[in-house]
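Remarks on the overall topology
Here is how the chains run, residue by residue.
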Amino acid sequence: MSYSDFLGETPLIAGMMRLQDHPDLCHPANLAAWIEQRLDEGVDTFDHADIYGDGECERRFGDALAAAPELRNHLRIITKTGIVPAHRDPAGWRTKHYRAEADHVAEAIDASLARLRVEQIDTFLIHRPDPLLEADSLMACLERAVSAGKIRHIGVSNFLPEQWRWLKQHTGLPLVCNQSELSLSHTAALFDGTLEAHLSDGLRWLAWSPLAGGSLPNALPAPLLEAARAETGLCETGLAIAWLRQIPGAPIPVLGSLRADRIQAALRGSRARLSRPLWFALLEAMRKMPVA
């Protein structure tokens, strides 16, 4: 499998981290209707993690699927484990830390399946590179989960190339993706070889915080924004997504907003193509330095 195969032409992924910020969507029927609307728009992949809402975001999504079980056959679920927040530190040190031990990951897979009320997680990611992880036992654990049908694909999140390559040495399974930050305000990976490592190793880039943290209107000169809007018909959300999708390998944005208008603006951007000079003009403006 290559990066172009995983998720194919998916325009964007709906990130569910902020689900609890929307009380109206926390009712199963309302969330089910929201999911159905996204499916109608062509958004069929939903991103979770066991840390989001201490598991509540997964649970509420599972309740929505239970309320409308026909949706399950039309969507894909990504979820992650590996971060333990300070308030859930079982040792009492109140220390945020990483956990990628095989037994913890196996328990996390089962817990996510139960909360999401599904029989299989489409893609399961290790949320952060854990400096204490033992790659052989971790990858054996993930292989057992794939063999058992609990997960379909495996990937990583926030990994650097040598970190994911170390994992790949310990498994015959492909790592299908790396979910890490990429946006107009976070571009270092385009110039330090990280992008090319994704392409060379066949990992699809799932880009979190693709809208530059909402910073574009204040960070870009107003005349440039107006000219870009006039040329493309896109608002700043659409411009940010169009810019991202034009990068080789077509990184898939993991959109954090659950607002319908923001999602629709992002979808318009995913279908657009910027002229090369405009692409670089946006890059230069955000970097506050010209291309060398």
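In this report, we go over the structure that sits alongside the text. (Residues numbered from 1 in each chain as written. Predicted model: local features only at pLDDT ≥ 70, side-chain atom pairs only at ≥ 80, totals over all residues. Heavy atoms only, no water.)

1. Points about the layout of surface pockets
What counts, and what does not: Each cavity reported here is a set of points on a 1 Å grid over the protein atoms alone in which a 1.4 Å probe fits but cannot get out, each pocket an open set with protein on both sides within 12 Å along at least five of seven lines, and each lining residue one with an atom within 4 Å of a point. Grid points are joined across faces, edges and corners, and a volume is the space filled by probe spheres set on the points. Residue polarity follows a fixed list, in which Ala, Val, Leu, Ile, Met, Phe, Trp, Tyr, Cys and Pro are nonpolar, Asp, Glu, Lys and Arg are charged, and the others, Gly among them, are polar. Only DSSP runs of H or I covering at least 4 residues are called helices, and only runs of E covering at least 2 are called strands; the numbering of each starts at the N terminus.
There is about 540 Å³ of room inside the largest pocket. Residue lining of the largest pocket: 26 residues in total, with Met 17, Arg 18, Trp 208, Ser 209 and Gly 256 positioned closest to the centre. Here the lining of the largest pocket is built from residues that sort into 10 nonpolar, 10 polar and 6 charged. The space that makes up the second largest pocket amounts to roughly 330 Å³. Contributions of two or more residues to the lining of the second largest pocket are made by strand 4 (83–84) and helix 3 (102–116). Looking at the lining of the second largest pocket, the element that brings in the most residues is helix 3, giving 5 residues. Looking at the lining of the second largest pocket, its residues break down into 7 nonpolar, 2 polar and 6 charged.

2. Quick notes on the environment of Pro 161
Quick reminder of the rule: Categorising residues by exposure relies on relative accessible area from a 1.4 Å probe, with only protein chains included: less than 20% of the type maximum marks a residue as buried, more than 50% marks it as exposed, and the intermediate range marks it as partly exposed. Contact between two residues is taken to exist if any of their heavy atoms lie within 4.5 Å; hydrogens are not considered.
In this structure, Pro 161 sits in helix 5 (residues 161–168). Take Pro 161: its relative accessible area is 15%, and that puts it in the buried class. Considered as a pair, Pro 161 and Arg 204 are 43 residues apart in the sequence and their alpha carbons are 13 Å apart. When near neighbours in sequence (up to four residues on either side) are disregarded, Pro 161 contacts Thr 194 and Ala 197.

3. Quick word on the side chain of His 48
As for its placement among the helices and strands, His 48 is situated in the loop between strand 2 (45–47) and helix 2 (56–67). Residues in contact with His 48, not counting those within four places in the same chain, are Met 16, Cys 57, Glu 58, Phe 61, Ile 77, Ile 78, Thr 79, Lys 80 and Leu 116.

4. Some words on the environment of Glu 236
Along the chain, Glu 236 falls in helix 9 (residues 236–245). It is 13 Å that separates the C-alpha atoms of Glu 236 and Ser 270, two residues lying 34 residues apart in sequence. Once residues within four sequence positions are removed from consideration, Glu 236 is found in contact with Leu 216, Pro 217, Leu 225 and Arg 229.

5. Here's the deal with the nonpolar core
The test is simple: Throughout this description, the term nonpolar core refers to a set of buried Ala, Val, Leu, Ile, Met, Phe, Trp, Tyr and Cys residues connected via side-chain atoms within 4.5 Å.
Residues Trp 34, Ile 35, Phe 61 and Trp 243 are the most contacted members of the largest nonpolar core, which totals 82 residues. Not counting residues within four places of it along the chain, the set of residues in contact with Trp 243 comprises Ser 183, Leu 184, Thr 187, Leu 190, Leu 274, Trp 279, Leu 282 and Leu 283. Of all hydrophobic cores here, the second largest spans 10 residues; its members include Ile 78, Val 176, Leu 206 and Val 254.

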